[in-house]
Amino acid sequence: VTAGGSKPILRRARAADWPDVHELLDQADALHARLAPDYFHAGARPEAEWRRLLSDDAACALIAESPRPGGGAAAPGVVIGVVAGRIYETPPDPTMVARRRCHVDTLVVDATHRRRGTGRALLDEIGAWARARGAAELLLTTWAGNAEADGFYDRLGYRTLSTVRTRKL
Ligand SMILES: CC(C)(COP(=O)(O)OP(=O)(O)OC[C@H]1O[C@@H](n2cnc3c(N)ncnc32)[C@H](O)[C@@H]1OP(=O)(O)O)[C@@H](O)C(=O)NCCC(=O)NCCS
């Protein structure tokens, strides 16, 4: 079985995944810095943020691994994707429908491993985690110009809930 042809293995993230996760986040950060340079710059992600996420009971971070080519069953896999999300309750606002939701704020699949079902598998898995905690839906933000994400979320049946408009002063 090659890394390219096999299904990813999903597991909960660990603190020791940080170097691999950092590389994946760099890919997303570089993309966002390109799409929205007034909002993002690539680079400085602190490890403390990762540790905080892992210790947050309302949050979930999952890793996708592909079996290491040539490695045996016991060989550690290659980290190829990460998803992270957090459960949020509706703020106490009488005009809002009270509903528990899961916000996915991170999803990255390594550029050399895309279009093989890993992103879908990661969202399915965090969706199952969120559903088990009473969440009614997953939601996430995409930035204008992210054609890859738009194609992906369209394919997975995510609809656009709102748009944010801006104008320079
Ligand atoms: C968006 C992203 C996570 C998708 O991951 P992926 O592992 O390539 O996606 P999958 O292979 O699971 O694709 C699931 C479905 O979406 C489709 N899809 C994926 N990328 C697509 C694209 N660029 N255009 C059209 N459809 C696409 C796939 O064909 C697949 O459809 P199928 O199941 O019917 O074959 C990945 O491109 C990525 O990490 N991008 C950079 C970071 C980013 O933009 N993250 C999300 C926004 S914050």
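That block above? That's the structure.
Quick caveat, the model's predicted, so the values are computed rather than measured.

Calculation criteria
- Residues numbered from 1 in each chain as written.
- Predicted model: local features only at pLDDT ≥ 70, side-chain atom pairs only at ≥ 80, totals over all residues.
- Heavy atoms only, no water.
- 1 Å grid on protein atoms, 1.4 Å probe; cavity = no way out; pocket = protein on both sides within 12 Å on 5 of 7 lines; lining within 4 Å.
- Points joined across faces, edges and corners; volume = space filled by probe spheres on them.
- Helix = DSSP H or I, 4+ residues; strand = E, 2+ residues; numbered from the N terminus.
- Nonpolar A, V, L, I, M, F, W, Y, C, P; charged D, E, K, R; others polar.
- Near = heavy atom within 4 Å.
- Polar contact = N/O pair within 3.5 Å; in protein donor to acceptor, adjacent residues only side chain to side chain.
- Areas by Shrake-Rupley, 256 points an atom, 1.4 Å probe, with all protein chains shown as cover.

### Looking at the layout of surface pockets
Logical step 1: Taken as a whole, the largest pocket encloses approximately 1300 Å³ of empty space.
Logical step 2: Around the largest pocket sit 48 residues that line it, and Ala28, His32, Thr106, Leu107 and Val108 are the ones nearest its centre.
Logical step 3: When residues of the lining of the largest pocket are traced back to their parent elements, those giving at least two are helix 1 (18-35), helix 2 (47-54), strand 3 (78-88), strand 4 (101-109), helix 3 (118-132) and helix 4 (147-155).
Logical step 4: Of all the elements, helix 1 adds the most residues to the lining of the largest pocket, at 9 residues.
Logical step 5: A per-class count over the lining of the largest pocket returns 23 nonpolar, 14 polar and 11 charged.
Logical step 6: Its volume calculated, the second largest pocket comes out at about 980 Å³.
Logical step 7: Lining the second largest pocket we find 25 residues, and of these Leu140, Thr141, Thr142, Thr160 and Ser162 sit closest to its centre.
Logical step 8: For the lining of the second largest pocket, the elements supplying multiple residues, two or more each, are strand 5 (137-139) and helix 4.
Logical step 9: Each residue belonging to the lining of the second largest pocket can be placed in one class, and the counts come to 12 nonpolar, 6 polar and 7 charged.

### Focus on the site of the ligand
Logical step 1: Residues in close proximity to the ligand total 19 residues, the closest being Leu107, Arg115, Gly117, Arg120 and Arg155.
Logical step 2: Arg116 places a polar main-chain atom, nitrogen or oxygen, 3.1 Å from an oxygen atom of the ligand.
Logical step 3: Contacts to the ligand include Gly119, whose backbone N or O atom sits 2.8 Å from an oxygen atom.
Logical step 4: Out of a free accessible area of 920 Å², the ligand has 82% covered by protein chains.
Logical step 5: For the shell around the ligand, the secondary-structure elements that each account for two or more residues are strand 4, helix 3 and helix 4.

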